[in-house]
Amino acid sequence: MSESRQAPASRLVRSYVIRSGRITGGQRRALEQHAGDYMLDFRPEPLALDGLFPRKQPLTVEIGFGAGESLLQMARERPEGNFLGIDVYRPGAGRVLQGIVEHGLVNIRLICHDAVEVFRDNFTTGSIDRVLILFPDPWPRKRHHKRRLVQTGFMELVLDRLKPGGEAHLATDWPPYLEQMIEVLEQIPGFRNRCGEGCWENPARPPTRFEKRGLRLGHEVRDLLYFKAME
């Protein structure tokens, strides 16, 4: 692990709250029957990534997969890639497990834990091909901005864990958060914006539930694609 890129050992402020949403019977059964096959217990040690999937393939890590619609669609459409989803919401994990079994997917694994600690403790330098941070909680009130996931310290950690040429793909429908994302990413040496400084894109990708809700409310979606400069 890169000592210069490690996050603090303890965190007083987290970017999420644990939601107590209702878990359905099917989600509960999926967790009981299939968690052992597709979910990883968090331990503060590097993951043996080569042994997690049947085939060694490019690894995409999605932070905050929610109900898992986009994660499942990507895994179905890209069998040549491996996908690891991180979220703290267990009903969502149960729903993803249902989809994994329904579609016979072998290229998804899940971790229900704090993403900052997973990146700090489970991934080593240059071990990830792509990181997705799609519609993280914008924490719109100013006094809550410290809770936003996209902060300099965490994105430096993401940069370290990416392979050279690897991509960080972020999306939001909250303009002030978009501005913060751009400000944070463009002041970190080693990140490069694929479309030029200060620009955003709208690439094709599976939509998320939060995205669809934002579009119904008339919000404009913006995607940011940054890559790790080759050394």
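Scroll up a little and you will see the structure.
None of these values were measured; they are calculated from a predicted model.

**Student:** Just checking my understanding: could you explain helix H4 (residues 115-122) for this structure?
**Tutor:** A turn of α-helix holds 3.6 residues, and therefore any two residues three or four places apart point the same way. Taken across its 8 residues, H4 has 8 buried, putting it largely inside the fold. The elements touched by buried residues of H4 are strand E2 (59-63), strand E3 (82-86), strand E4 (108-111), strand E5 (128-134) and helix H5 (152-161). The backbone nitrogen of Val116 lies 3.1 Å from a side-chain oxygen of the residue at the head of H4, namely Asp114.

**Student:** What is the right way to read the pairing of E5 from this model?
**Tutor:** Moving residue by residue along a regular strand, the side chains alternate between the two faces of the sheet. Of all 7 residues making up E5, 6 are buried, and the element is well covered by its neighbours. Taken together, the 6 bridges between E5 and strand E6 (residues 162-172) define a ladder with parallel strand orientation. By the bridge assignment for E6, Ile128 is matched with Leu162.

**Student:** Just to check I follow, could you spell out the pairing of E2 for this structure?
**Tutor:** For E2, the tally of buried residues reaches 5 of 5 residues, placing the bulk of the element in the interior. The two faces of E2 match: Leu59, Val61 and Ile63 on one face and Thr60 and Glu62 on the other face are all buried. Across 5 bridges, the pairing between E2 and E3 is parallel. From the neighbouring strand, Ile63 faces E3, where its bridge partner is Ile86. Once you follow E2 into helix H2 (residues 69-77) and on to E3, the crossover reads as right-handed. For E2 and E5, the ladder comprises 4 bridges, and the chain directions are parallel. The residue bridging Val61 from the neighbouring strand is Val131, located in E5.

**Student:** Just checking my understanding: could you explain the sheet that holds E4 for this structure?
**Tutor:** Within a sheet, neighbouring strands are paired by backbone hydrogen bonds and run either parallel or antiparallel to one another. Read across the sheet, 8 strands follow the order E1-E4-E3-E2-E5-E6-E8-E7 without closing on themselves; strand pairing throughout is mixed. Looking at strand neighbours, the two that pair on one side only are strand E1 (39-40) and strand E7 (191-193), the edges of this open sheet. As judged from the 4 bridges shared by E3 and E4, these two strands associate in the parallel manner. Looking at the pairing, Leu84 lines up with Arg109 of E4. Those strands touched by helix H3 (residues 90-103) are E1 and E4, and its axis lies near 165° from that of E4.

About the cut-offs
Residues numbered from 1 in each chain as written. Predicted model: local features only at pLDDT ≥ 70, side-chain atom pairs only at ≥ 80, totals over all residues. Heavy atoms only, no water. Buried < 20%, exposed > 50% of the residue type's maximum accessible area, 1.4 Å probe, protein only. Helix = DSSP H or I, 4+ residues; strand = E, 2+ residues; numbered from the N terminus. Contact = heavy atoms within 4.5 Å. Polar contact = N/O pair within 3.5 Å; in protein donor to acceptor, adjacent residues only side chain to side chain. Pairing = 2+ DSSP bridges. Right-handed = clockwise from strand over helix to strand, strands pointing away. Axes fitted to C-alpha atoms, helices over the stretch in contact; angles between N-to-C directions.

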